[in-house]
Amino acid sequence: MFGLSPKAPVAPRDYTACSGCSLCFLVCPMWRSSRDPRFTPEGLAKALQCGATASQLAEVIDACSLCGACDPVCPEGIDLTGMIMDLRRETGDRPGLSPISREPQPAGALLLPGVDLRANPELLARVGALLGFASAGDDGADIALALEVGGDIPSARRRRFLDSLDGRTLVVGDGLLLAALRRWLPAARLQSVGEALSNLTALRRRLASADFYVIEPRAYHADHERLVTHYDRLRAETGCAMNLDLQRIAIPATDEAEVSWMLRGRKPARIVVENPADRAAFENVRDVPVLHIAELAEA
Ligand code: SF4
Ligand code: SF4
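Residues numbered from 1 in each chain as written. Chains lettered and ligands numbered in written order. Predicted model: local features only at pLDDT ≥ 70, side-chain atom pairs only at ≥ 80, totals over all residues.

Student: Help me understand the overall build of the chain in this model?
Tutor: Scanning the chain for helices and strands turns up 17 helices and eight strands. Taken over the C-alpha trace, the chain has a radius of gyration of 19 Å; the compact-globule value for 299 residues is 19 Å, and the two agree within 12%. Here the chain, with 299 residues, has 40% of them falling under the buried criterion. Here the analysis covers contacts within the chain between residues at least 6 apart in sequence; of these, 70% occur between residues at least 24 apart. (Helix = DSSP H or I, 4+ residues; strand = E, 2+ residues; numbered from the N terminus. Rg over C-alpha atoms; globule rule 2.2 N^0.38 Å. Buried ≥ 20, exposed ≤ 12 C-beta atoms within 10 Å, placed from the backbone. Contact = placed C-beta atoms within 7 Å.)

Student: Explain the site of ligand 1 to me, please; I cannot follow it from the model alone.
Tutor: By nearness alone, 15 residues border ligand 1, and Cys-28, Cys-64, Cys-67, Ala-69 and Cys-70 come closest of all. Looking at the shell around ligand 1, the element that brings in the most residues is helix H6 (residues 80-90), giving three residues. Each residue belonging to the shell around ligand 1 can be placed in one class, and the counts come to 12 nonpolar, three polar and no charged. (Near = placed C-beta within 6 Å. Nonpolar A, V, L, I, M, F, W, Y, C, P; charged D, E, K, R; others polar.)

Student: Help me understand the site of ligand 2 in this model?
Tutor: Around ligand 2, the structure places 15 residues, and the nearest of them are Cys-18, Cys-21, Cys-24, Glu-42 and Cys-74. For the shell around ligand 2, the elements supplying multiple residues, two or more each, are helix H1 (23-27) and helix H3 (41-49). With three residues, the single largest contributor to the shell around ligand 2 is H3.

Student: Please clarify how helix H11 (residues 175-184) should be interpreted in this entry.
Tutor: Because an α-helix completes one turn every 3.6 residues, residues spaced three or four positions apart along the sequence face the same direction. Counting buried positions over the 10 residues of H11 gives seven, a clear majority of the element. Within the span of H11, buried status applies to Gly-175, Leu-176, Leu-177, Leu-178, Ala-179, Ala-180 and Leu-181. Structurally, H11 contributes buried residues whose contacts are with strand E1 (110-112), helix H7 (114-118), helix H9 (141-149), strand E3 (169-172), strand E4 (189-192) and helix H14 (217-222).

Student: Is there a simple way to think about the environment of Ala-129 in this case?
Tutor: Within the element layout of this structure, Ala-129 appears in helix H8 (residues 121-131). Assessed through the 11 C-beta atoms surrounding it within 10 Å, Ala-129 is described here as exposed. As for Ala-129 and Ala-294, which are separated by 165 residues in sequence, their C-alpha atoms are 9.7 Å apart.

Student: Teacher, can you tell me more about the sheet that holds E4 here?
Tutor: Pairing between sheet strands relies on hydrogen bonds along the backbone, with the strands arranged either parallel or antiparallel. One open sheet accounts for four strands, arranged E2-E1-E3-E4; its pairing is parallel. Looking at the sheet topology across the chains shown, the edges are occupied by strand E2 (134-135) and E4. Here E3 runs beside E4; their pairing, made up of four bridges, is parallel. Considered in E4, the bridge of Val-172 is made with Ser-192. (Pairing = 2+ DSSP bridges.)

Student: I'm lost on the domain arrangement of the chain in this one. Help?
Tutor: Accessible area lost when the parts come together is the quantity often used to give the size of an interface. Looking at the assigned domains, one finds that the chain contains domain 1 (15-90), domain 2 (110-196) and domain 3 (201-298). Once you take the C-alpha centre of each, domain 1 and domain 2 turn out to be 26 Å apart. Across the contact, five residues belong to domain 1 and six residues belong to domain 2. Looking at the side of domain 1 that touches domain 2 residue by residue, the class counts come to two nonpolar, one polar and two charged. (Domains from an automatic or database assignment.)

This is how it looks when you write it as structure tokens:
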């Protein structure tokens, strides 16, 4: 399942490198919903160049879904989601990690399900059985939440978590945590739940040309260059449509407007999601079955 050779990391650039090309407008759901240039990665970068503080930008940085779509399109190689997460950490009182009890990690390859998959134990059991991976006792859900809201991650807690993953093959349900693990454990064998499941022949065979397949954007954009090839192959093999725009950026299901936009002109027989949290938005917009990819095994 894992034939990944980690690329040598390229040092990301910061907001000072923004040239004002506006390419990030095209892919940003904040821009699509607001049509306000302040609510764009460029708006944030330019405001920072002009000396704005994090608290002055709080409304914009809270509106960002951290979908990661802006990162692969920025020609200057700015780590835009990293910039926004840093700004979140700078603003106001963000919750730190609350102590939670953590079971010891089982041996071997690990599934780090994350909050959305854990909320559905039946689906989680199905994903674990399909992949043959044990679920982690500590899946870093508190760290994922801190990344999302800009909370503090004490270095001792992060070290303990990373030590428990050392040398393991990991499948990660939370896209933001997966992106962070790519930075923190550059040599680790890592995949998203969506990529790992869509690699299984038994599931690929059950995807059909009438399906609309919804990629989880955060994990996809964090490893865009490699995953473009993976999903292009899946699309060519199965004929299904996907939530990809012309630049192969994944459109996030942040709200019903985004979902309606990505389905415009399409009449899928089924919608297949990688992220269980995306299910509700599609069910509200279309009266067709919405399945998690793991449920294809029984469909
Ligand atoms: S992460 Fe998504 S919502 Fe946030 S600025 Fe980038 S494209 Fe816009
Ligand atoms: S794509 Fe990058 S360089 Fe261009 S405006 Fe957006 S942040 Fe600036």
